[in-house]
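Spelled out from the first residue to the last, the chains are:
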Amino acid sequence: MLALRRLTCHAPRLVLVRGNATLEAASTQASVPPPPPPVTVKTATPAKEKETAPEEPASSEQAEQPKGKQRQWPTRRPSISLERPREWCRPIAKGVEPAYDYALRYILRDAAFVKKELEELQAKVKAEEAKPEGERDAQALEEMREKVRVLEIQAEANLPDVRWKARNGMADMSKPIYRHLLEQKWREEGDLDLLMERIYQMNVVPDMLPELHPSFDLRLRYLEPPPKNNYLRTRVKRKVKQVEPGIFLMPEQTRRQPEIYTTLFHTDTRLYTLLMVDLDVPDMESQSFTTYLHWMQPNIPLSASTQSPTVPLDTHTRYVPPHPQRGTPYHRYVLLVLPQSLPTEPIDIPVFQESDRLGFNFRAFAEQYGFDGARGGGAHMWREQWDETVSHIYKFTFKKDEPRFGKMPKPDPYAELKQKKKYL
């Protein structure tokens, strides 16, 4: 009687698992798979031989297929972060693809050539700087310094491990190559374009400020939307989620101040001022709309080595949660982190009282303290509409009655006629 050996169902899926393997492990995976097992003839063995023969451990190939639900093996490695760093490894083993090996050798040889040129140029710069001030060629020295900055980037721009670390959140911002790659990614791969598109579509420019040219990446994180099931609202712990510019948020998500993350591209520490403004507060006196200052914090030190502000952000003008009034259209909320006129000297801005928040004139404020959106900074914006959470904010935060707004009723041309009797 013939008996075929049966492989377990997990064996084919193990080929798809790709870990951070070494070259030796990759070379074994790239080897030719073994041929299929031959067909064996099952013969009967005497009873005495069965008793005396030692028991051989059953291999995984000869094990029977387990019943029930099968385990799903992961097809990709876990996410990479600063808490779980991983070094770059080759996607294929050495010798599998000659073209790939030649490309790596060419990249390394070119990087070594550029580094040698960089070292020679740095020696010339030091020799020029060692001369007395009267004998220096200032223009030639500045040109050499600029070329040094370019060569520092070109020497490592094509190395696979450098680009891999920049893509996986393991960049060393003290090195110019990583600052260059992250700024290039932010400016050319859609993040800055999406932000500016939403800012101009929602008329933040020119409603709030005449022009805006962000110089660093500003990201916000608020709570994710609550579950639609009322039973789960108080039983599910919600996570914070990054906010895309221009989207709609619920007032319940923004009751607490957001988590702010920055990616700057200058190594020196400079001072910035944070502002958060609502551009669509109804004004009953002028039958129009005005602004409301929700948050302000001056003198925030930021640099390329700080991923988020290192000082408390609620010590100046405290954070007031957004509260779009009932009956009004959606409100635009703008958060700006603008550079101060003197990057290293703190400025003295008085704390805004509750009565001074409504009608906040940003243009007059910027002219008084020297803020200009054209000189860089960070920006973000989103939109909100009224829901039941706004009523709770008015009741427990402001401790006053909630206002209600709506469109003016149209005059009825037949109101006087309706008061007369139709039939005598």
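How each quantity is defined
Along each chain, numbering runs from 1 in the same order as the chain's sequence is written. Only residues with pLDDT of at least 70 are given local features in this predicted model, and only at 80 or more are side-chain atom pairs given and counted; all residues enter the totals for whole chains, interfaces and linings. No hydrogens and no water enter the side-chain calculation; it runs on all heavy atoms of the structure. Classification of ring pairs rests on two measures: the distance between centres of Phe, Tyr or Trp rings, Trp counted by its six-membered ring, which must be within 6.5 Å, and the angle between planes, read as stacked under 30 degrees, edge-to-face over 60 and tilted in between. Secondary structure elements follow DSSP: runs of H or I no shorter than four residues count as helices, runs of E no shorter than two count as strands, and numbering proceeds from the N terminus. To sort residues, take the accessible area from a 1.4 Å probe on protein chains only and compare it with the maximum for the residue type: under 20% means buried, over 50% means exposed, and anything in between is partly exposed. Either the NZ atom of lysine or the CZ atom of arginine qualifies as a charge over a ring when it sits within 6 Å of the ring centre and within 35 degrees of the ring normal. Each pair of strands is called paired provided DSSP finds at least two bridges between the two strands. Axis definition: a line fitted to C-alpha atoms, limited for helices to the stretch in contact. Angles are taken between N-to-C directions and run from 0 to 180 degrees. Counting rule applied: Lys, Arg positive; Asp, Glu negative; His and chain ends not counted. We define a salt bridge as a side-chain nitrogen of Lys or Arg found within 4 Å of a carboxyl oxygen belonging to Asp or Glu. Nitrogen and oxygen atoms within 3.5 Å of one another constitute a polar contact, given that in protein one can donate a hydrogen and the other can accept it, and given that sequence-neighbouring residues count only through two side-chain atoms. Contacts: residue pairs with any heavy atoms within 4.5 Å of one another. The arc in question is the one traced by the directions running from the helix axis out to the C-beta atoms. Under the convention used throughout, the expected extent of a helix is 1.5 Å for every residue step, that is, one less than its residue count. Within this scheme, the nonpolar core is defined by two criteria: the residues are buried Ala, Val, Leu, Ile, Met, Phe, Trp, Tyr or Cys, and they are joined through side-chain atoms within 4.5 Å. Oblique is the label for every angle not falling under 35 degrees (roughly parallel), over 145 degrees (roughly antiparallel), or within 65 to 115 degrees (roughly perpendicular). What makes a crossing left-handed is the near helix being turned counterclockwise from the far one by less than a right angle; a clockwise turn instead makes it right-handed. Classification convention: Asp, Glu, Lys, Arg as charged; Ala, Val, Leu, Ile, Met, Phe, Trp, Tyr, Cys, Pro as nonpolar; all other residues, Gly among them, as polar.

### Examining the packing of aromatic side chains
A full pass over the atoms with the stated rule returns 12 aromatic pairs. Ring centres of Tyr222 and Trp382 lie 5.5 Å apart, and the angle between their planes is 65°; this geometry places the pair in the edge-to-face category. Pair noted here: Tyr222 is in strand β3 (residues 217-223) and Trp382 is in strand β10 (residues 378-384), with a separation of 160 residues, a long-range link. The same class applies to Tyr222 as to Trp382, namely buried. Pairwise contacts between aromatic rings join Phe352, Phe360, Phe365, Tyr369 and Phe371 into one cluster. Looking at Arg383, its charged tip hangs above the ring of Tyr330, at a distance of 5.1 Å from the centre. Positioned above the aromatic ring of Phe398, the side-chain terminus of Lys400 is 5.6 Å from the ring centre.

### So, the sheet that holds strand β6 (residues 259-263)
With antiparallel pairing, the 3 strands of this open sheet are ordered in space as β4-β3-β6. Pairing within the sheet leaves two strands with one partner each, and these edge strands are β4 (240-242) and β6. Here the average twist between neighbouring strands, direction ignored, is 25°. Judged from the 3 bridges that link them, β3 and β4 form a sheet pairing that is antiparallel. If you follow Tyr222 over to β4, its bridge partner there is Lys241.

### Brief notes about the side chain of Arg383
Note that Arg383 resides in strand β10. No salt bridge is formed by the buried Arg383; its nearest oppositely charged neighbour, Glu244, is found at 8.3 Å. One polar contact links the side chain of Arg383 to the main-chain carbonyl oxygen of Gly246, over a distance of 2.9 Å. If we skip the residues at most four places from it in the chain, Arg383 touches Met202, Gly246, Ile247, Phe248, Leu249, Tyr330, His331 and Arg332.

### A few points about helix α13 (residues 388-398)
Thr389, Val390, Ile393, Tyr394 and Phe398 are the residues of α13 that are buried. End-on, the buried residues of α13 take up no more than an arc of 145°, which puts them together on one face. Exposed residues on α13 whose side chains face more than 90 degrees from its buried face are Glu388, Lys395 and Phe396. The inward-facing, buried residues of α13 contact β8 (288-302). One or two residues past the end of α13 sits Lys399, with phi positive at roughly 55°.

### Details of the side chain of Arg179
Residue placement: Arg179 occurs in helix α7 (residues 176-188). For the buried residue Arg179, which engages in no salt bridge, the nearest side chain bearing the opposite charge is Glu152, 6.5 Å off. Beyond its immediate stretch of four places on either side in the chain, Arg179 contacts Met173, Ser174, Phe265, Thr267 and Ala304.

### Quick word on helix α5 (residues 138-154)
Taking 1.5 Å of rise per residue, 17 residues should cover 24 Å, and α5 covers 24 Å from first to last C-alpha, within 8% of that figure. Within α5, burial applies to Leu141, Met144, Val148, Leu151 and Ile153. In this structure, the buried side of α5 is in contact with α4 (98-129) and α7.

### A few points about the nonpolar core
If you look at the biggest cluster of nonpolar residues, it comprises 54 residues, and the most contacted ones within it are Phe362 and Phe365. The residues touching Phe365, leaving out its near neighbours within four places in the chain, are Leu275, Met296, Ile349, Phe352, Phe360 and Phe371.

### Here we look at the packing of helix α6 (residues 160-167) against α7
At their nearest, the axes of α6 and α7 sit 10 Å apart, and the two run at 55° to each other. Judged by the inter-axis angle, α6 sits oblique to α7. Relative to α7, the crossing made by α6 is right-handed. Where α6 abuts α7, its residues Val162, Arg163, Lys165, Ala166 and Arg167 lie against Ile177, Tyr178, Leu181, Leu182 and Lys185. Looking at the contact of α6 with α7, its residues break down into 6 nonpolar, no polar and 4 charged.

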